[in-house]
Amino acid sequence: MLPKRQVWPSFSKNELKTIGNVPLEEDIRALSAWLKTANDESIFYTHRLSEIYSPAKKYKSVASGILSCIINREMGEMVIWFKPEMITNVNWAGNPEKSVVPSENGLMSLSPRKSFEIWSEVVNNTSEKWMAEEVDSVLRIREIIIADINKKANEIRLLNEKLQAAYEELDTFSYTVSHDLRTPLTSIKTYAELMLKNKSIDDGGKKMLSRILAGADKMNSLIKEILNLARVGRSEVNFETVNIESLIKDIKSEVWSAYKADHSVLILGQLPNIKGDKTMITQVFTNLIGNAVKYSAMVNEPKIEVSSYIDGGEIIYSVKDNGIGIDNRYYDRVFELFKRMDNVKEIEGSGVGLAIVKRVVEKHHGRVWFESKLNVGSTFFVAFKNR
Ligand code: ADP
């Protein structure tokens, strides 16, 4: 049999659900916090709550009795049933207080009653007692809920394993396809270069061959990026101390020569070491600094700033530019694979770089985000755990 007056405040993501006549939300939350720590039992009940938990006096009319069942203590998940106050008269055969009287020497002693007239006492702050059947029903409910949670948890675990396997398969697939595409592409490039040297080919033919070569180069760099992305997915993070100062020096010469960015200025702030996978962290900074250079190259005095600050348990690096900026409407889509904004149509790119950055940062249990204003500039932030 279920308790008559049922109230089901269930806490999932700090959520509270109630049915029927119950104390105020803040009172239920305070009570549940007390229940979580006050006793070790998963089932707890009393018909005189305010005697052991004085704040309950305030709502004794709806909850003088409680029967609580903790589902998950850490998560604060529980079900509580309440019973209202039931003011009763208890009849005694004589005043129970009077059977103990002080004697002449001031000591308390039992004395024979002089009268046995009915003595009536009002008992309050008390609810109807919880019956054994009610407590048994709640124990059974708890078993059912926990069995169900375990079943769901197992289903989720299996789904997760399948998802992980599919993810790995996809990475292997893109890695193999990209890898295998490189061989025929190298042939296309080599033969196009050989033909370009052939004197019997006229200018029109040479123009077409140059276009084939440019296309092959573009395809090659796209394949390289997809290989990089797949590699990040397939690799384990190999934690070591990464010297960001020397890493940025290397990236600077590589990026500045790749984008012919002699007019771009690099300003460096604090560059503390971080713990991470050196190859992956190099990809993060190469992509962020590369983008900052590429998307600010058209402004008058391109300026790129790399600096950091420590906040709580994190080292937060920022890469700032004064370039074309990003339309805030697409904020959530910037890190998507192959996603490029409308204002970069004329600028070379594949839309893979930031997807790599996001993957690396996730693998390091870090965070990545950005702030940007169109035609003013962008700042990308990456937060790594200060291990
Ligand atoms: P891409 O190869 O196109 O640069 P990314 O994945 O690195 O690919 O970036 C995705 C898109 O985000 C870019 O195409 C561009 O629209 C935008 N973006 C990234 N970084 C910047 C930046 N510093 N300034 C302006 N736009 C940026």
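Just so we're clear, the structure is a prediction, and the values are computed from it rather than from any experiment.

Q: Outline the overall build of the protein, listing residues and values.
A: Helix and strand counts for the protein come out as seven helices and 14 strands. Across the 387 residues of the protein, 36% fall into the buried class. Within the protein, residue pairs in contact and separated by at least 24 positions form 67% of the contacts whose partners lie at least 6 positions apart. With the model as given, the accessible surface of the protein reaches about 23,900 Å², and the carbon-plus-sulfur share is 54%.

Q: Go over helix α3 (residues 132-197) with me, naming the residues and quoting the values.
A: In an α-helix there are 3.6 residues to a turn, and that puts residues three or four apart on one side. Across its 66 residues, α3 extends 97 Å between first and last C-alpha, which sits within 8% of the 98 Å expected from 1.5 Å per residue. Of all the bends in α3, the greatest, near 25°, is centred on Thr 183, and the proline Pro 184 appears no more than four residues after it. Listing the buried residues of α3 in full gives Glu 134, Val 135, Ser 137, Val 138, Ile 141, Asp 171, Ser 174, Ser 178, Leu 185 and Ala 192. In the core, the buried residues of α3 are packed alongside β1 (43-46), β2 (65-72), β3 (77-83), α4 (203-234) and α7 (353-363).

Q: How would you explain the site of the ligand if you had to name every residue and give the values?
A: Near the ligand, the surroundings consist of 19 residues, among which Asn 291, Tyr 295, Arg 340, Ser 350 and Leu 354 are the closest. Within the side chain of Arg 340, one N or O atom sits 2.5 Å away from an oxygen atom of the ligand. Ser 350 is positioned such that a nitrogen or oxygen atom in its backbone is 2.8 Å from an oxygen atom of the ligand. At the level of secondary structure, the elements contributing two or more residues to the shell around the ligand comprise α6 (278-294), α7 and β14 (377-385). The class makeup of the residues in the shell around the ligand is eight nonpolar, seven polar and four charged.

Q: Break down the sheet that holds β1 for me, with residues and values.
A: Taken in spatial order, the three strands line up as β1-β2-β3 in an open sheet, and their pairing is antiparallel. A strand with exactly one partner marks an edge of an open sheet, and here the two such strands are β1 and β3. Mean inter-strand twist for the sheet, computed between neighbouring axes without regard to direction, equals 10°. Sheet topology places β1 next to β2; four bridges connect them, and they run antiparallel. Paired with Phe 44 across the strands is Ser 68, a residue of β2. Of the strands in this sheet, β1, β2 and β3 touch helix α1 (residues 25-38), which is tilted by about 115° from β3. Of the strands in this sheet, β1, β2 and β3 touch α3, which is tilted by about 20° from β2.

Q: Help me get a handle on α7, residues and values and all.
A: The buried count for α7 comes to eight of 11 residues, which makes it a mostly enclosed element. The set of residues buried in α7 consists of Gly 353, Leu 354, Ala 355, Ile 356, Val 357, Arg 359, Val 360 and Val 361. Turning to α7, the residues buried within the fold contact α3, α4, α6, β13 (367-373) and β14. Two residues or fewer after α7 comes His 365, characterised by a positive phi angle close to 55°.

Q: Outline the packing of α6 against α7, listing residues and values.
A: Two elements in contact, α6 and α7, have axes whose closest approach is 9 Å; the angle formed by their N-to-C orientations is 145°. Relative to α7, the crossing made by α6 is left-handed. Each of Met 280, Ile 281, Gln 283, Val 284, Asn 287, Leu 288 and Asn 291 in α6 lies in contact with α7, whose residues at this interface are Gly 353, Leu 354, Ile 356, Val 357, Val 360 and Lys 363. Considering only residue class, the contact of α6 with α7 consists of eight nonpolar, four polar and one charged.

Q: Give me the packing of α4 against α7: which residues, what numbers.
A: For any two helices packed against each other, the geometry is given by the interaxial angle and the distance between the axes. Two numbers describe how α4 lies on α7: the axes approach to 10 Å, and their chain directions differ by 10°. As far as their axial angle goes, α7 and α4 are roughly parallel. Relative to α7, the crossing made by α4 is left-handed. Every residue of α7 that contacts α4 at Glu 225, Asn 228, Leu 229, Ala 230, Val 232 and Gly 233 is listed here: Gly 353, Ala 355, Ile 356, Arg 359, Val 360 and Lys 363. Counted by class, the contact of α4 with α7 contains six nonpolar, three polar and three charged residues.

Q: Which residues make up the sheet that holds strand β9 (residues 265-268), and what values do they have?
A: In spatial order, the strands read β9-β11-β12-β14-β13; together these five strands make up an open sheet with mixed pairing. The open sheet is flanked by β9 and β13, the only strands paired with a single partner. Each neighbouring strand pair of the sheet contributes to a mean axis angle of 15°, computed without reference to strand direction. Both β9 and strand β11 (residues 303-311) contribute to a ladder of four bridges, which runs parallel. In the sheet register, Leu 266 faces β11, and the bridge partner there is Ile 304. Lying on the sheet, helix α5 (residues 244-258) is in contact with β9, β11 and β12 (314-321); it crosses β9 at an angle near 175°. Contacting β11, β12 and β14, α6 crosses the sheet at an angle of about 25° to β12.

Q: Pulling in residues and values, what's your account of the pattern of salt bridges?
A: In the structure shown here, the tally under the stated rule is 16 salt bridges. Residue Arg 29 is joined to Glu 25 by a salt bridge in which the shortest nitrogen-to-oxygen separation is 3.1 Å. Here Arg 29 and its partner Glu 25 are both found in helix α1, four residues apart, which amounts to about one turn of the helix. Glu 25 gets classed as partly exposed once you look at its relative accessible area, which sits at 45%.

Q: Describe the nonpolar core, listing the residues and the values that go with them.
A: Judged by nonpolar contacts, the single largest core of 41 residues is most densely connected at Ile 244, Phe 285, Ile 289, Tyr 317 and Val 382. For this core, the element with the highest residue contribution is α6, accounting for eight residues. Among residues more than four places away in sequence, those in contact with Ile 289 are Ile 248, Ile 251, Val 255, Trp 256, Val 306 and Val 319. Judged by nonpolar contacts, the second largest core, of 17 residues, contains Ile 28, Tyr 53, Met 78 and Phe 82.

Definitions and cut-offs
- Residues numbered from 1 in each chain as written.
- Predicted model: local features only at pLDDT ≥ 70, side-chain atom pairs only at ≥ 80, totals over all residues.
- Heavy atoms only, no water.
- Helix = DSSP H or I, 4+ residues; strand = E, 2+ residues; numbered from the N terminus.
- Buried < 20%, exposed > 50% of the residue type's maximum accessible area, 1.4 Å probe, protein only.
- Contact = heavy atoms within 4.5 Å.
- Areas by Shrake-Rupley, 256 points an atom, 1.4 Å probe, with all protein chains shown as cover.
- Expected span 1.5 Å × (residues − 1).
- Bend = angle between axes of the 7 residues up to and from the residue.
- Near = heavy atom within 4 Å.
- Polar contact = N/O pair within 3.5 Å; in protein donor to acceptor, adjacent residues only side chain to side chain.
- Nonpolar A, V, L, I, M, F, W, Y, C, P; charged D, E, K, R; others polar.
- Pairing = 2+ DSSP bridges.
- Axes fitted to C-alpha atoms, helices over the stretch in contact; angles between N-to-C directions.
- Left-handed = near helix turned anticlockwise from the far one by under 90°.
- Parallel < 35°, antiparallel > 145°, perpendicular 65-115°, else oblique.
- Salt bridge = Lys/Arg side-chain N within 4 Å of Asp/Glu carboxyl O.
- Core = buried A, V, L, I, M, F, W, Y, C linked by side-chain atoms within 4.5 Å.

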